[in-house]
Amino acid sequence: MSQSYNRGLIEDFGRWKEFSAGMWAWIFHKFTGWVLIGYLFTHIAVLSTSIGAASESTDVIQAQNDVYTTTLQGLEGLFLIRLLEIGLLAVAVFHILNGLRLLMVDLGIGLESQDKSFYASLVLTGAITVASVPTFLTGVTL
Amino acid sequence: MSTQQAEPESQEAPEDPEMKGAESPQERRLEEKDDGMVDERAEKTAELEGETVLIKVFRYDPEVADKQEPRFDDFHVPFTKGMTVLDAVMYARDEYDSSLTFRHSCRQAVCGSDAFFVNGRQRLGCKTQISDLEQPVRIEPLPHQEVVKDLVVDMDHFYDQMHTVEPYFQDEDTPPVEDLEEQRQSPENREKIKMSSRCIWCGACMSSCNIAAGDNEYLGPAAINKAYKFAMDDREGEEIKEHRLRILEQEHGVWRCQTQFSCTEVCPKDIPLTEHIQELKREAVKKNLKFW
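The model shown is predicted, which means the values in this text are computed figures rather than measured ones. (Residues numbered from 1 in each chain as written. Chains lettered and ligands numbered in written order. Predicted model: local features only at pLDDT ≥ 70, side-chain atom pairs only at ≥ 80, totals over all residues. Heavy atoms only, no water.)

**Student:** I would appreciate a short explanation of the overall build of chain B in the present structure.
**Tutor:** Scanning chain B from terminus to terminus reveals 12 helices and 7 strands. The buried share among the 292 residues of chain B stands at 46%. Considering only contacts within chain B whose residues lie at least 6 apart along the sequence, 65% involve residues at least 24 apart. Accessible surface, chain B: about 15800 Å² in total, of which carbon and sulfur atoms supply 47%. (Helix = DSSP H or I, 4+ residues; strand = E, 2+ residues; numbered from the N terminus. Buried < 20%, exposed > 50% of the residue type's maximum accessible area, 1.4 Å probe, protein only. Contact = heavy atoms within 4.5 Å. Areas by Shrake-Rupley, 256 points an atom, 1.4 Å probe, with all protein chains shown as cover.)

**Student:** Is there a simple way to think about the packing of aromatic side chains in this case?
**Tutor:** The geometry of an aromatic ring pair is captured by two quantities: the separation of the ring centres and the angle between the planes. Counted by the stated rule, this structure contains 14 aromatic pairs over all chains. Chaining the aromatic ring pairs together yields one cluster made of W16(A), F19(A), W24(A), F28(A), F94(A), F118(A) and Y119(A). A cation over an aromatic ring shows up here: R138(B) above the ring of F72(B), its NZ or CZ 4.2 Å from the ring centre. (Phe/Tyr/Trp six-rings, centres within 6.5 Å; stacked < 30°, edge-to-face > 60°. Lys NZ or Arg CZ within 6 Å of the ring centre and 35° of its normal.)

**Student:** Where do I start with the layout of surface pockets in this structure?
**Tutor:** Sizing a probe to match a water molecule and rolling it over the atoms shows the empty space that remains. If you add up the space inside the second largest pocket, you get close to 690 Å³. Counting residues per element, the ones that place at least two in the lining of the second largest pocket are α1 (8-13), α2 (21-47) and α7 (114-136) of chain A together with β4 (121-124), α7 (204-208), α8 (210-214) and α11 (262-266) of chain B. Classifying every residue of the lining of the second largest pocket gives 13 nonpolar, 10 polar and 9 charged. (1 Å grid on protein atoms, 1.4 Å probe; cavity = no way out; pocket = protein on both sides within 12 Å on 5 of 7 lines; lining within 4 Å. Points joined across faces, edges and corners; volume = space filled by probe spheres on them. Nonpolar A, V, L, I, M, F, W, Y, C, P; charged D, E, K, R; others polar.)

**Student:** Which parts of the structure should I look at to understand the domain arrangement of chain B?
**Tutor:** Accessible area lost during the coming together of the parts is what is often quoted as the interface size. Residue and element names in this part refer to chain B. Domain parsing of chain B yields domain 1 (38-153) and domain 2 (155-170 + 188-290). Counting from both sides, the interface comprises 15 residues of domain 1 and, opposite them, 16 residues of domain 2. Around 1200 Å² of area is buried between domain 1 and domain 2 when both sides are counted, 51% of it from carbon and sulfur atoms. Summed over the shared surface of domain 1 and domain 2, the number is 0 salt bridges. Counting every contact that joins domain 1 to domain 2 gives 7 residue pairs in polar contact (both at pLDDT 80 or more). Among the elements that line the side of domain 1 that touches domain 2, the one with the most residues is β4, at 3 residues. Taken together, the residues that form the side of domain 1 that touches domain 2 break down as 8 nonpolar, 4 polar and 3 charged. (Domains from an automatic or database assignment. Buried area = accessible area lost by both parts, 1.4 Å probe. Salt bridge = Lys/Arg side-chain N within 4 Å of Asp/Glu carboxyl O. Polar contact = N/O pair within 3.5 Å; in protein donor to acceptor, adjacent residues only side chain to side chain.)

This is the structure in structure tokens:
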């Protein structure tokens, strides 16, 4: 063969509207997985401020003036952080539900309903996320 | 003389013909697919009668200067009842542009040579009714395979992957020639591999698989399905089955499947490809699982 044309990945991404349920499930699962890994490192970074708290005196810790408590309280007071927490919940819930769906697929259970179970995961994620909003936004100062 | 014996009718066979369709997941899937489609098609056919259908066909020819840059050509094809995508491109070739190139052969969904990317989905040209599609009909070569000319793609890699899994029956203890006799398969075993044996090597599944697109070494759904057909065939014996599983459980074998179900959705023969891949994953795990 002398010459051929490789349409490449750009045309692939251009077809995103044609993706099927299974494909979206795969994309969302990968995305939420990476977000959770990113969160894990951020979480470790924030928690590491407690190392400084260990050197504080008991009085300072009881008065909640230690570096760990003040850092967390400062963050929790921010509207943006509360929003991110809601997002984190949504991401975690979807990842868990889709993970269960994938487990079922691995075991060969409900393969015919794989698209429906994906939509169910989405709906359930949405419902849980919306239901969590009042809890997450309680006492937030803008 | 027929080599097949008449089988006694199963006592468990449902008497209600409507119940018969719900026997297996594959049949249920087919039923769902056909549900209501006949009426819709008749309606659409009546609508299109006497009309022309616009098809947009991908064009590329490395040997012609003004066709080296890929483009879409429009053809207005007179609609006829029962017209398929293949009929439309054949009309366009015969009446408008004899240089329009595509593969086709049997025209009855058996040879698998006319798999195209029609309106954003891998389909067999000869099986896809124009009346089932949105207008204009966009016809492209299969994605993830290099285009040789117009709708013709390079299938070498696909065939290489198919051959990797040794797609032929292997018997571990072939009797001497004088004792050769037909190798009978149990009806249950036949039923198990029935769907996998329907593969026509059209390459639609491989083309729809994102993992195969990103990993050139991945065996791909078609090859794995072919391996499933033989691995699950009781007549080959345990030793050959282990050999087949060894091929399949490699890094670029069954474990690369990410259960996107794209292959299963586009398969023109309704083979439950993802299901088969998952079953082989479980077989591979069982083979390697040791409690000691």
